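Remarks on the overall topology
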Amino acid sequence: LFDEHRYVSAGINLHSENPVNENWSHPPLAKWFIGLSVRWLGNSPLGWRLPSVLCGALLVVLISGIAFQIRRSWFDYWIAGGLALTSVCLMVQSRLANLDIFM
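None of the values given here were measured: they were computed from a predicted structure.

As a further point, take the packing of helix α3 (residues 45-71) against helix α5 (residues 88-95). If you want to describe how two helices pack, look at the angle between their axes and the distance between the axes. Interaxial distance between α3 and α5 falls to 7 Å at its minimum, and their mutual angle equals 150°. In terms of their interaxial angle, α3 and α5 are classed as roughly antiparallel. On α5, the residues touching R49, S52, V53, G56, L59 and V60 of α3 are L90, M91, Q93, S94 and R95. Looking at the contact of α3 with α5, its residues break down into five nonpolar, four polar and two charged.

Listed below in C-alpha cells is the structure:
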C-alpha cells in the first residue's frame with residue numbers, strides 16, 4: 001500500500017449518507033471516482049484501483065491522439081502511444097489508487 005489508505009477511506013466517506021471530505025488538500029473528484037468504484041466493486045484492491053487504471057488507459061489514447069493531431073501521421077500516433085505505454089511514471093501511477101493520474 002502506498003497512499004491508498006488515505007484516498008480510499010476518503011472516497012468511501014464521500015459516498016456515505018453524510019458525505020464528508022476528510023482531507024481537503026487533495027482533489028475531491030478523484031476521491032469521488034475511487035469511492036464510486038468501491039461502492040460498485042467492493043472494498044478490495046480492484047475496487048480501489050480500477051478508476052486509475054481506466055484513466056491511465058485513457059491518457060495513453062489521448063497522448064496518441066494529440067500526437068496525431070499535431071503531426072497528422074499514423075507513425076507518430078503509434079510512437080507516441082508506445083512511448084506513453086513504456087513511461088514508468090504513467091504505468092506506476094495508473095496501477096495504484098493515487099490521485100496523480102487523474103490530474
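A few words on the side chain of S52. Considering the arrangement of structural elements, one finds S52 in helix α3. With relative accessibility at 1%, the residue S52 sits in the buried group. Here R49 takes part through its backbone oxygen, which lies 2.9 Å from a polar atom of the side chain of S52. Ignoring sequence-local partners within four residues, the contact set of S52 consists of Q93, S94, L96, A97, N98, I101 and F102.

Our focus in this paragraph is the pattern of salt bridges. Scanning the model with the defined rule gives one salt bridge in all. As a salt-bridge pair, D76 and R71 come within 2.9 Å of each other at their nearest N and O atoms. Judged by its relative accessible area of 19%, D76 falls in the buried class.

What the largest pocket holds in volume is close to 170 Å³. Elements with a minimum of two residues in the lining of the largest pocket: α2 (28-41) and α3. Per-element tally for the lining of the largest pocket: the top contributor is α2, with five residues. Each residue belonging to the lining of the largest pocket can be placed in one class, and the counts come to eight nonpolar, one polar and no charged.

Two elements in contact, α2 and α3, have axes whose closest approach is 8 Å; the angle formed by their N-to-C orientations is 135°. Compared by their axis directions, α2 and α3 come out oblique. The chirality of how α2 crosses α3 is right-handed. Where α2 abuts α3, its residues F33, I34, S37, V38 and L41 lie against L46, G47, W48, L50 and P51.

Further remarks concern the packing of aromatic side chains. This structure, assessed with the given rule, holds six aromatic pairs. Ring centres of F33 and F102 lie 6.1 Å apart, and the angle between their planes is 25°; this geometry places the pair in the stacked category. Here F102 lies in the segment after α5 and F33 lies in helix α2, a separation of 69 residues in the sequence. Relative accessible area serves as the criterion here: at 33%, F33 is assigned to the partly exposed category.

What counts and what doesn't
Residues numbered from 1 in each chain as written. Predicted model: local features only at pLDDT ≥ 70, side-chain atom pairs only at ≥ 80, totals over all residues. Heavy atoms only, no water. Axes fitted to C-alpha atoms, helices over the stretch in contact; angles between N-to-C directions. Helix = DSSP H or I, 4+ residues; strand = E, 2+ residues; numbered from the N terminus. Parallel < 35°, antiparallel > 145°, perpendicular 65-115°, else oblique. Contact = heavy atoms within 4.5 Å. Nonpolar A, V, L, I, M, F, W, Y, C, P; charged D, E, K, R; others polar. Buried < 20%, exposed > 50% of the residue type's maximum accessible area, 1.4 Å probe, protein only. Polar contact = N/O pair within 3.5 Å; in protein donor to acceptor, adjacent residues only side chain to side chain. Salt bridge = Lys/Arg side-chain N within 4 Å of Asp/Glu carboxyl O. 1 Å grid on protein atoms, 1.4 Å probe; cavity = no way out; pocket = protein on both sides within 12 Å on 5 of 7 lines; lining within 4 Å. Points joined across faces, edges and corners; volume = space filled by probe spheres on them. Left-handed = near helix turned anticlockwise from the far one by under 90°. Phe/Tyr/Trp six-rings, centres within 6.5 Å; stacked < 30°, edge-to-face > 60°.

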